[in-house]
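So you can see what is in the structure, the chains are spelled out below.
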Amino acid sequence: NGAILETTSKLGPKSKSSVSPKTGDKLLTFASEDASFEFHVKVDQITKITFVTSERPLPDGESKTMRVSRFLNEKGEPMCSLILADSSDESAQWFDGMNERYGQEVNL
C-alpha cells in the first residue's frame, strides 16, 4: 500500500510460486526476462483481481486506453495495480484475452 513501482521491463513469462523463508508467506513472483526486476505478491493478502479498461484524456485532446490489473484485499481495497504500458495491438489482444478467459473479476 502507498507505493507505485514502474518498469518498462516486460514482466513474464517468468513467474513462480514460492514461500518466503523469512515469514512463511506464500508468494507469486513475476519477473523480467533477465530477472533484473521482480514483483512479489503475497498471495494470502489478495482476495480478488480485477481487469479494468478505461479511457484517459491526454493534453492534446486525444485519449489513451488504460488497461489495469488491480489486486484487491479482503476489504476491496487495492493492494497494487499493474498498468499495461504497451499499447500495441498484441498487448491489447493479450489483455482482452485475460478478460475473456477470467472475466472482469477473479475471486481468489
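Predicted model only: the values in this text are computed from it and were never measured. (Residues numbered from 1 in each chain as written. Predicted model: local features only at pLDDT ≥ 70, side-chain atom pairs only at ≥ 80, totals over all residues. Heavy atoms only, no water.)

(A) Just the pattern of salt bridges, in detail. Applying the stated criterion across every chain yields a total of 2 salt bridges. In this structure, the salt-bridge partner of K42 is D25, at a minimum N-O distance of 3.6 Å. Note that K42 is positioned in strand β3 (residues 38-42) and D25 in the loop between β1 (11-19) and β2 (26-32), a separation of 17 residues in sequence. Put simply, K48 and E105 hold a salt bridge, and the shortest N to O gap is 3.3 Å. Separated by 57 residues along the polypeptide, K48 in strand β4 (residues 48-57) and E105 in strand β7 (residues 105-107) bring together distant segments of the chain. K48 sits in the partly exposed class, given a relative accessible area of 23%. (Salt bridge = Lys/Arg side-chain N within 4 Å of Asp/Glu carboxyl O. Helix = DSSP H or I, 4+ residues; strand = E, 2+ residues; numbered from the N terminus. Buried < 20%, exposed > 50% of the residue type's maximum accessible area, 1.4 Å probe, protein only.)

(B) A look at the side chain of S20. Positionally, S20 belongs in the loop between β1 and β2. For S20, a relative accessible area of 15% gives the class buried. Polar side-chain contacts of S20 include one of 3.2 Å to the side chain of T23. When sequence neighbours within four positions are dropped, the list of residues in contact with S20 reads D25 and L27. (Polar contact = N/O pair within 3.5 Å; in protein donor to acceptor, adjacent residues only side chain to side chain. Contact = heavy atoms within 4.5 Å.)

(C) A look at the sheet that holds strand β6 (residues 78-83). In spatial order, the strands read β6-β5-β4-β7; together these 4 strands make up an open sheet with antiparallel pairing. The open sheet has two edge strands, β6 and β7, and neither has a second partner. Within this sheet the neighbouring strands show an average axis-to-axis angle of 25 degrees, counted without direction. Here strand β5 (residues 63-72) pairs with β6 via 5 bridges, running antiparallel. Bridged to F71 within β6 is C80. (Pairing = 2+ DSSP bridges. Axes fitted to C-alpha atoms, helices over the stretch in contact; angles between N-to-C directions.)

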